[in-house]
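The chain contents come next:
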Amino acid sequence: IGRLYRQHVSPGQWAAFGLLGLDRITVDHAEDVHYVDRSGRRILDFFGGFGAMALGHNHPRLLAVRRGFQDQQRHELGLTLPSQYVAALSRNLAMLAPEDLDRVMLYCTGSEAVEAAIKLAERAQGPRRAGVAYARKSFHGKTIGALSVTDSRFYRGRFEVLPRRRAVPFGDAEALEELLRRDRGIGVLILETVQGGAGIVLPPPGYLQRVRELCDRYGVLWIADEVQCGVGRTGRFFAFEHAGVTPDIVTLAKALGGGKTAISAVLARRDLHDRAYGGTRGALVHGPSTFSGMGEACCTAIETLHVLHDENLLANAAEQGDYLLARLRGLRDRHPQLIREVRGSGLMAAVEFTDISASFPGITGLLAGVLDRPLRGSVAMLTGSQLLSEHGVLVGFTDYNRNVVRLEPPLTVQPEHIDA
Ligand code: PMP
């Protein structure tokens with residue numbers, strides 16, 4: 001596999017795991033919270049596709065749904081003819097959402113949903129209020145529209161297609177108010193409810209309530225990007241539920257497919273949606289993509305919602321998330337010189353190490369041989385490779401903060417995995 005990768009696969013598709021030497025691992029199969037490699041070694045998956053593996057790997061009920069599609073001649077494309085699967089999934093999502101959010105659009109990826117959400121909001125606001133505010137250290141995807149609100153010069157380069165954008169610090173309601181008061185052209189705000197790419201940054205208490213108030217006062221539409229933190233990750237189906245407020249538009253992806261398929265959704269307030277895409281002519285402006293609402297993907301998503309319910313996985317996410325944080329805080333208390341902070345919400349957790357590269361320049365030198373310039377000096381990568389090689393645990397990183405290890409295990413995780 002390694003040889004074929006080096007020969008044919010664009011390095012951009014594997015540089016991230018190549019840096020860690022993970023390109024040497026050949027996965028034989030994966031089951032629940034584990035990968036198993038060719039030699040039978042079990043690797044505990046606390047990376048979880050940045051939150052995509054909600055039900056763990058290969059949940060038997062998702063496998064059964066997919067077998068049903070393979071064995072029978074079911075109707076697949078949601079594009080051309082009415083699909084009972086699109087109808088049912090849209091209804092189920094609307095039932096889970098607060099009552100205003102009952103218009104559903106289905107796509108395949110998070111980036112696609114983010115772009116559809118921004119487009120919908122801009123159209124609902126009209127050209128004079130089409131400016132978009134977004135947060136510092138946001139991550140909303142790598143396609144060009146989503147990149148326009150992703151606050152990373154490294155990823156974005158010169159790809160900025162939205163005509164008017166303004167960044168505000170995440171969690172700072174005063175800065176947001178200042179912007180909205182000053183710039184009435186801003187009619188849209190997009191925020192990750194919990195910032196994932198930034199290194200798991202939680203909204204400070206009271207922040208989302210203030211966001212709701214400010215958006216109401218200044219007539220701004222709030223898009224909650226829950227591609228990573230939604231679908232139960234934080235112990236509630238939507239992360240915004242913790243704050244008791246409702247955004248105008250929500251994006252979901254990743255975990256919606258149970259880790260088994262690519263599916264994303266935009267949930268929007270009916271009045272906004274109809275303002276943006278009213279009438280048949282308006283509706284045709286933003287129809288489905290070819291593979292929006294594929295039967296197999298919809299049924300996998302519907303079954304994912306059922307399994308979340310039947311196996312009580314939101315409660316498990318909350319309970320195991322508390323346990324994970326408690327254990328990590330124990331480690332922090334024992335090693336305050338090594339661990340700066342532990343934080344999280346449900347099973348979206350981060351360990352932020354102190355920047356030991358400053359006190360031990362040798363470490364940076366050591367890494368310099370292994371890592372390319374943008375990632376050099378990454379304490380998280382060093383820690384992560386150590387975790388993998390010594391303990392068989394796979395964790396996530398972020399380019400925004402190289403001292404952060406991200407932990408996003410499947411929602412099926414049990415205390416013994418956390419102990420390990
Ligand atoms: N929004 C958020 C909050 C994300 O974390 C991501 C992916 N990490 C995206 C959007 C983009 O999703 P996708 O990779 O499926 O395009």
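Analysis parameters
- Residues numbered from 1 in each chain as written.
- Predicted model: local features only at pLDDT ≥ 70, side-chain atom pairs only at ≥ 80, totals over all residues.
- UniProt positions renumbered as here; feature names shortened; annotations may be inferred.
- Axes fitted to C-alpha atoms, helices over the stretch in contact; angles between N-to-C directions.
- Helix = DSSP H or I, 4+ residues; strand = E, 2+ residues; numbered from the N terminus.
- Parallel < 35°, antiparallel > 145°, perpendicular 65-115°, else oblique.
- Left-handed = near helix turned anticlockwise from the far one by under 90°.
- Contact = placed C-beta atoms within 7 Å.
- Domains from an automatic or database assignment.
- Nonpolar A, V, L, I, M, F, W, Y, C, P; charged D, E, K, R; others polar.
- Near = placed C-beta within 6 Å.
- Pairing = 2+ DSSP bridges.
- pLDDT = per-residue confidence, 0-100.
- Expected span 1.5 Å × (residues − 1).
- Buried ≥ 20, exposed ≤ 12 C-beta atoms within 10 Å, placed from the backbone.
- Arc of directions from axis to C-beta.

- The chain is annotated in an unreviewed UniProt entry as Aspartate aminotransferase family protein of Saccharopolyspora taberi.
- Turning to the chain, the UniProt record has this under Cofactor (unreviewed entry): "pyridoxal 5'-phosphate".

1. Remarks on the packing of helix α4 (residues 60-71) against helix α13 (residues 295-310)
Then comes step 1: Between α4 and α13, the least distance of the axes is 9 Å, while the angle of their chain directions is 155 degrees. By the criterion of interaxial angle, the relationship of α4 to α13 is roughly antiparallel. As for how α4 packs across α13, the hand of that crossing is right-handed. Contacts between α4 and α13 involve R61, L62, V65, R66 and F69 from the former and G295, E296, C299, T300, E303, T304 and V307 from the latter.

2. Some details on the domain arrangement of the chain
You'll often see interface size given as the accessible area lost when the parts meet.
Then comes step 1: On domain assignment, one finds that the chain holds domain 1 (64-310) and domain 2 (312-345).
Then comes step 2: A C-alpha centroid distance of 28 Å is found between domain 1 and domain 2.
Then comes step 3: A class-by-class count of the residues in the side of domain 1 that touches domain 2 yields six nonpolar, three polar and two charged.

3. Comments concerning the site of the ligand
Then comes step 1: In the vicinity of the ligand, 15 residues are found, and the nearest of them are G110, S111, G141, V227 and Q228.
Then comes step 2: By residue number, the principal contributor to the shell around the ligand is helix α6 (residues 110-125), which donates three residues.

4. As for the sheet that holds strand β4 (residues 103-107)
In any sheet, the strands associate via hydrogen bonds between backbone groups, in a parallel or an antiparallel arrangement.
Then comes step 1: Read across the sheet, seven strands follow the order β4-β10-β9-β8-β7-β5-β6 without closing on themselves; strand pairing throughout is mixed. Sheet topology places β4 and β6 (165-168) at the edges, where each strand pairs with a single neighbour. Averaged over all neighbouring strand pairs, the angle between strand axes comes to 20 degrees, with direction disregarded.
Then comes step 2: With three bridges connecting them, strand β8 (residues 221-225) and strand β9 (residues 249-252) associate as parallel partners. Bridge pairing in β9 links D225 to T251.

5. Here we look at the confidence of the model for the chain
Then comes step 1: With 95% of its residues at a pLDDT of at least 70, the chain reaches an overall mean of 92.
Then comes step 2: A low-confidence stretch, residues 371-375 (pLDDT under 50), is modelled with 10 contacts involving residues beyond four sequence positions or located in other chains.
Then comes step 3: The ipTM, which scores confidence in the relative placement of chains, is 0.99 for this predicted complex, and the corresponding pTM is 0.95.

6. Here we look at the sheet that holds strand β3 (residues 42-45)
Then comes step 1: Taking strand neighbours across the sheet as the criterion, the four strands line up as β1-β2-β3-β13 in an open arrangement whose pairing is mixed. Both edges of this open sheet fall to β1 (27-31) and β13 (393-394), since each of them pairs with a single strand only.
Then comes step 2: Of the strand pairs in this sheet, β1 and strand β2 (residues 34-37) are connected by four bridges, and their pairing is antiparallel. For E31, the partnering residue across the bridge sits in β2 and is H34.

7. Digging into helix α14 (residues 313-334)
Because an α-helix packs 3.6 residues into every turn, residues spaced three or four apart end up facing the same way.
Then comes step 1: Its 22 residues give α14 an end-to-end C-alpha distance of 31 Å, which sits within 8% of 32 Å, the value for a rise of 1.5 Å per residue.
Then comes step 2: Three or more residues of α14 are buried, namely L313, N316, A317, Q320, G321, L324, L325 and L328. Down the axis of α14, the smallest arc covering the buried residues is 155 degrees, so these residues share one side. Residues of α14 that are exposed and point over 90 degrees away from its buried face: A315, A326, G330, D333 and R334.
Then comes step 3: Looking at the buried side of α14, the elements it contacts are α13, β11 (339-345), β12 (348-353), β14 (404-407) and α18 (415-419).

8. Concerning the pairing of β11
The two faces of a sheet get side chains in turn, since along a regular strand they alternate between them.
Then comes step 1: Both β11 and β12 contribute to a ladder of six bridges, which runs antiparallel. Looking at β12, one finds that V342 is bridged to V351.

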